[in-house]
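Each chain, letter by letter, is given below.
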Amino acid sequence: MILAGAHIILPDRILRAGHLRIEEGVIAEVSAQPIARRTDEEIKDLGGLYVAPGFIDLHIHGALGRDSMEASAEAFDTICRHHATGGTTALCLTTIAAPLDQILAVIAAARQYCQATPRGARVLGVHIEGPYFSPEKKGAHLPSMLRNPDPAEWRQLLEHAGMITQMTLAPELPGALPLIEALVRHEIIASAGHSDAWDEEIAAAFAHGLRHATHTFNCMSMSRRRGPYRTAGVLEFVLSEPEILCEVIADGRHVSPTLLRLLCRAKGADGIALITDATAGAGLPPESHFKLGEIACVVRDGVALTEDGTTLAGSTSSMIRGVRNMVELGGLSLADAVQMASLNPARALGIDTHKGSIAPGMDADLVILTPDIEVRETWVGGQPCHTAQKSG
């Protein structure tokens, strides 16, 4: 297959009216000049559309009423197919604060699901969000499920390290620092989130290897007074530290345009990873009801809220919405916004040798975009898995 006449979003620039050859699910050639067609090779003329590397969502709970915690192939299928419509070609199924046996069940089901042929986005593994959270920053997680890190528990999780992509935890909790060290040894992303840490507590976590922040601005401590003095919280520390990659939910609701611009100026194109944090409400119509664990939630005003309307409960967003908002609200170039949705997450996961950018030898996980930054097609492994209906 040759994709011809496309504006190809490369790691360092946009190649205008470029050409791309795909062979056996891998990008074989990228050229500014037309590529000679071989016998029986199909040419697809994209006529000025954009081709971007597939989006990688580090943090996703569900879609269309289904949740990762169901630990079933049917739920995973629904989630992966839905999010492919937003340009996601690979994702990390994300848990909530729950009993150990339920988290282990998600890991086991995800391992089995990864062996099947994908019918949407590929599952890369499981992001364990909780249960080691601050009660002060619990978000939409049950307080009864929150607890301090216990080696007897987390060692059982780390027996499945190959399937765990990330763990979000509050680094100020007793026992958190040894856990962070263990995560780093097992090449699992240790991420600060749902945390009420003071400056010195997040600094200690950084010294022990933490290099990631979960949904920046949301459920994290900020600058405040301690006695007569003002000190930083998690937010200011992660904004000021160049080595920390900051996730952000760029749905225009979780983080205001002003805060998005602040994040971009503080971290630059290399320091941000777009996520959806989408829950089961993603893809459902307004006023639809669903559950996040045992917490009743509703889709309203373009987000997911707890049923009483007091707390955000993840999002209903898509990766393409985040990319578009980073351009329209954050003031970024399309190339920089795409990097935050593809290459940066791939680097965080250590898979940037074969995913996250367009170059020879990389997986042909691609998103074909219209000039107004809408998804026309999503390709996984060189095969289309979603094609948008054309209006009119």
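Located above this text is the structure these notes cover.
So, on to the pairing of strand 22 (residues 375-380). Across the 6 residues that make up strand 22, a large majority, 5, are buried. The sheet contact formed by strand 21 (residues 366-369) and strand 22 spans 4 bridges and is antiparallel. Paired with Leu369 across the bridge in strand 22 is Val375. Counting the residues between successive antiparallel strands, the hairpin from strand 21 to strand 22 contains 5 residues, one of them, Ile373, with a positive phi of roughly 60°. Counting the residues that bridge the hairpin from strand 22 to strand 23 (residues 383-387) gives 2 residues, and of these Gly381 lies at a positive phi of roughly 60°.

All right, on to the pattern of salt bridges then. Applying the stated criterion across every chain yields a total of 16 salt bridges. Its salt-bridge partner being Arg226, residue Glu200 comes within 2.9 Å of it at the nearest N-O pair. Within this pair, whereas Glu200 is found in helix 5 (residues 199-207), its partner Arg226 is found in strand 14 (residues 224-226), the two being separated by 26 residues in sequence. The class for Glu200 is partly exposed, based on a relative accessible area of 41%. By sharing partners, the salt bridges in this structure join Arg21, Glu29 and Glu41 into a single network.

Strand order across the open sheet formed by 8 strands is 6-9-10-11-12-13-16-17, with parallel pairing between neighbours. Sheet topology places strand 6 (55-60) and strand 17 (272-275) at the edges, where each strand pairs with a single neighbour. Bridge count between strand 11 (residues 164-169) and strand 12 (residues 189-192): 4 bridges; the pairing is parallel. From the neighbouring strand, Gln166 faces strand 12, where its bridge partner is Ile189. Packing of helix 7 (residues 257-267) onto the sheet brings it into contact with strand 16 (245-249) and strand 17, and relative to strand 16 it is tilted by some 165°.

Summed over the entire model, instances satisfying the criterion amount to 0 disulfides. As a non-bridged cysteine, Cys114 has Cys80 as the owner of its nearest cysteine sulfur, 8.6 Å distant. Unpaired in terms of disulfides, Cys297 finds its nearest cysteine sulfur in Cys219, a separation of 13 Å. Cys297 sits in the buried class, given a relative accessible area of 0%.

In this section: the sheet that holds strand 19 (residues 295-300). Spatially, 3 strands are ordered 18-19-20 in an open sheet, and the strand pairing comes out antiparallel. Each edge of the open sheet carries a strand with a single partner, namely strand 18 (289-292) and strand 20 (303-306). For this sheet, the mean angle separating the axes of adjacent strands, direction not counted, is 40°. Pairing analysis gives 4 bridges linking strand 18 to strand 19, with the strands arranged antiparallel. Counted as the bridge partner of His289 is Val298 from strand 19.

How each quantity is defined
- Residues numbered from 1 in each chain as written.
- Predicted model: local features only at pLDDT ≥ 70, side-chain atom pairs only at ≥ 80, totals over all residues.
- Heavy atoms only, no water.
- Buried < 20%, exposed > 50% of the residue type's maximum accessible area, 1.4 Å probe, protein only.
- Helix = DSSP H or I, 4+ residues; strand = E, 2+ residues; numbered from the N terminus.
- Pairing = 2+ DSSP bridges.
- Salt bridge = Lys/Arg side-chain N within 4 Å of Asp/Glu carboxyl O.
- Contact = heavy atoms within 4.5 Å.
- Axes fitted to C-alpha atoms, helices over the stretch in contact; angles between N-to-C directions.
- Disulfide = S-S within 2.5 Å.

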